[in-house]
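Inside the fold
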Amino acid sequence: MELGIFEGIGVGNNSAWGKTVVIARPKFPASTKSALDPAEETKRLREAIAVVSLQLEATAYSVDDQSAEILRALQLMVQDSALLAEAEREILSGWTSETSIQKAMEIFTESLSGIPTFEDRISDLEDLALRVVGVLSNTPWTLELPAVGPIVVVAEDLSPSETALFTDAVVAVITSGGGPTSHTAIICRQKNIPALVAVKDALQIGNGVGIIVDAAYGMATLSDVSVEFDAKQTIRIPKGSLLVPVRGNIGNVQDAKALAKTQASGVGLMRTEFMFLSRNTAPTISEQTELYVEILEAAPLGEFIFRTFDSASDKPLVFLEINPSEVLENQLQAISNSQKTVGRNVSVMAPMLSSLSEVRDFEKQARASGITNVGVMVETVALAGAISELEGVVDFVSIGTNDLSRDLFQADRANPNLASLTDPWQPDLLQMIQRIVSQATLAGIAAGVCGEAAADPLLAIVLAGLGVQSLSMAAPAVGQAIEYLSSVTMDEAKAVASSALQGKNVLEAKQLALAALPN
Ligand code: PEP
Ligand code: MG
């Protein structure tokens, strides 16, 4: 580290100057046995939970709608009867309420850890347990940020309940943890504030010091001099039509409802496995049909792509291992039933395939069940090299950049130390996407992207310029992607893409893309 310079993964393309506010989460107290009767201890715990629940409700009234929704979800989590039951079991084993809530939280987080979509729930649970402990020990812990900015928030990582409290005074964020696809990254992108994540020495930055955060360069520089950045520079002015359709990634009914509030034109990825992760037995056809119908009815209009169950080490589906072909047949039947019930044509794709014969088997089975638009995710290097063989087999491919970059660089998705390898701006990944898209086009196959790469609005322009025909991303990223994709012409997007391809590393690719953007 050069003196006063901090490097990390930049999220967004803009810069800001502000004074740091370092958020240090309190530590949990050491485990302690209770001197009280279990009934009294339980009463203490229930009262503390009620106080935290009321605090969350009160805060929800003073923040914007989306933040209020996050806080209300937290309120439901802290009132969760399973969490309370677990904590009460610990009380019966003789622990204090402080220790019991912490132990209960740990049991819950252990079962969720390693599942990317639940990583945020883990920091939420820790946050809630800390709040309960704070109330119990009369040292309430809530995040308080100065009302007047500009503030640069510095933290190990941020939970959704913490980012929900950001006001306009927060102009940038620096975290030591997280990666380009973490919750902090998604929220900062949505708020259009620069963030720097996976910054090793972040916590060595002191409180109250002036700092410039430059997401485009992936760098923060200590500076006492206040620098005014032109926020308009990063807001793209719509020039014309949207370059490519923007769809959403969802995993349940709530996601479908949230997506329907955006301008997304349909669903580019429905991760069906997320509703059944805790199951030991396969869901029945009628059970699945009912859920799929509910989701289809809640989702925004446009294409709807179901992805069949995707089981991986970070999201194991126990029942899928027992009889995979029967599970697939039943799932395809349920998807087909749901399209008939709702009267809406749906598409289906398979995850993680790597050979032509697997794709052929899937395609036959999907069509036999009555689904006409059949595709496959391209998220293994093996399949990425065999796109031309898919001619006449599938109707579309959807590039899963999250797993494709994991496979390309042999880098674990959840490991912050490897975050720079899974950065979707890696030139090798961009080149691979270009090859996939050009082969797919020659084979008459539509190619989209549904990995997190699509959620970066500048990268969305690059992808459109590379010839990608549709993009799909989490709901919070939809608005800005549409804004960016309407601000340039296709020729301009092509110029931005070919500039990005000249980059020798992540930073250069991003810089060259930025420089190629029309003013
Ligand atoms: C991907 O791998 O890019 C993808 C979209 O699938 P998932 O994140 O569900 O593995
Ligand atoms: Mg994947």
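Notes on the structure in this doc start here. (Residues numbered from 1 in each chain as written. Chains lettered and ligands numbered in written order. Predicted model: local features only at pLDDT ≥ 70, side-chain atom pairs only at ≥ 80, totals over all residues. Heavy atoms only, no water.)

**Things to note about the sheet that holds strand β7 (residues 210-214)**
Strand order in the open sheet formed by 8 strands is β1-β8-β7-β3-β4-β5-β6-β2, and the pairing between neighbours is mixed. Looking at strand neighbours, the two that pair on one side only are β1 (5-7) and β2 (9-11), the edges of this open sheet. Put simply, the sheet's adjacent strands are angled 30° from each other on average, direction ignored. Bridging between β1 and strand β8 (residues 219-222) involves 3 bridges; their strand directions are antiparallel. The residue bridging glutamate 7 from the neighbouring strand is methionine 219, located in β8. (Pairing = 2+ DSSP bridges. Helix = DSSP H or I, 4+ residues; strand = E, 2+ residues; numbered from the N terminus. Axes fitted to C-alpha atoms, helices over the stretch in contact; angles between N-to-C directions.)

**Examining the packing of helix α8 (residues 253-260) against helix α9 (residues 285-298)**
α9 packs onto α8 with a crossing angle of 10° between their chain directions and a minimal axis gap of 8 Å. One element, α8, and the other, α9, form an angle in the roughly parallel class. Together, Val253, Ala256, Lys257 and Ala260 of α8 and Glu294, Ile295 and Ala298 of α9 make up the contact between the two elements. Classifying every residue of the contact of α8 with α9 gives 5 nonpolar, no polar and 2 charged. (Parallel < 35°, antiparallel > 145°, perpendicular 65-115°, else oblique. Contact = heavy atoms within 4.5 Å. Nonpolar A, V, L, I, M, F, W, Y, C, P; charged D, E, K, R; others polar.)

**Some words on the coordination of the magnesium ion (ligand 2)**
Bound to the magnesium ion (ligand 2) on the protein side are Glu379 (OE) and Asp403 (OD), at distances that span 2.0 to 2.1 Å. In this pair, glutamate 379 is assigned in the loop between β13 (373-378) and α13 (381-384) and aspartate 403 in helix α14 (residues 401-409), connecting sequence segments 24 residues apart. Each member of the pair glutamate 379 and aspartate 403 is classed as buried. (Donors = N, O, S within 2.8 Å, 3.2 Å for Na, K, Ca; no water. Buried < 20%, exposed > 50% of the residue type's maximum accessible area, 1.4 Å probe, protein only.)

**Some words on empty space enclosed by the protein**
Across all of its chains, the model carries 2 cavities of 30 Å³ or more by this definition. Quantified by volume, the largest cavity comes out at close to 70 Å³. Gly12, Asn13, Asn14, Asn192 and Tyr484 are, among the 11 residues lining the largest cavity, the residues nearest its centre. Going through the elements one at a time, α7 (183-191) and α17 (475-485) are the ones with two or more residues in the lining of the largest cavity. Looking at side-chain class alone, the lining of the largest cavity contains 4 nonpolar, 6 polar and 1 charged residues. If you count residues domain by domain, the lining of the largest cavity takes at least three from each of domain 1 (5-23 + 143-222) and domain 3 (246-516). The space that makes up the second largest cavity amounts to roughly 50 Å³. In this structure, the second largest cavity is lined by Ile9, Gly10, Val11, Pro180, Arg189, Asp423, Pro424, Trp425, Asp456 and Lys510. The element contributing the most residues to the lining of the second largest cavity is β2, with 3 residues. Within the lining of the second largest cavity, the residues separate by chemical class into 5 nonpolar, 1 polar and 4 charged. (1 Å grid on protein atoms, 1.4 Å probe; cavity = no way out; pocket = protein on both sides within 12 Å on 5 of 7 lines; lining within 4 Å. Points joined across faces, edges and corners; volume = space filled by probe spheres on them. Domains from an automatic or database assignment.)

**Some remarks on the packing of aromatic side chains**
Applying the stated criterion to the full structure yields 4 aromatic pairs. Seen in terms of ring centroids, tyrosine 292 and phenylalanine 306 are 5.0 Å apart; in terms of plane orientation they differ by 55°. Their pairing is tilted. Within this pair, whereas tyrosine 292 is found in helix α9, its partner phenylalanine 306 is found in strand β11 (residues 303-307), the two being separated by 14 residues in sequence. According to the relative accessible area criterion, phenylalanine 306 is buried, its value standing at 0%. Ring plane angle 80° and centroid distance 5.6 Å describe the contact between phenylalanine 309 and phenylalanine 319, whose orientation is recorded as edge-to-face. Separated by 10 residues along the polypeptide, phenylalanine 309 in the loop between β11 and α10 (318-322) and phenylalanine 319 in helix α10 bring together distant segments of the chain. In this structure, phenylalanine 309 and phenylalanine 319 share a single accessibility class: buried. Taken together, the ring pairs connect Phe276, Phe309 and Phe319 into an aromatic cluster. One residue, lysine 33, lies across the ring of tryptophan 95, its end atom 4.1 Å from the ring centre. The ring of tryptophan 95 carries the charged tip of lysine 103 above its face, separated from the ring centre by 4.5 Å. (Phe/Tyr/Trp six-rings, centres within 6.5 Å; stacked < 30°, edge-to-face > 60°. Lys NZ or Arg CZ within 6 Å of the ring centre and 35° of its normal.)

**Focus: the sheet that holds strand β16 (residues 470-473)**
To summarise the sheet geometry, strands pair through backbone hydrogen bonds and adopt either a parallel or an antiparallel arrangement. Within the closed barrel, the 8 strands sit side by side as β9-β10-β11-β12-β13-β14-β15-β16. Their pairing is parallel. For this sheet the average axis-to-axis angle between neighbouring strands, irrespective of direction, equals 25°. Pairing between strand β14 (residues 396-399) and strand β15 (residues 446-449): 4 bridges, direction parallel. Within β15, the residue paired with phenylalanine 396 across the bridge is alanine 446.

This is a description of form; function is not addressed.
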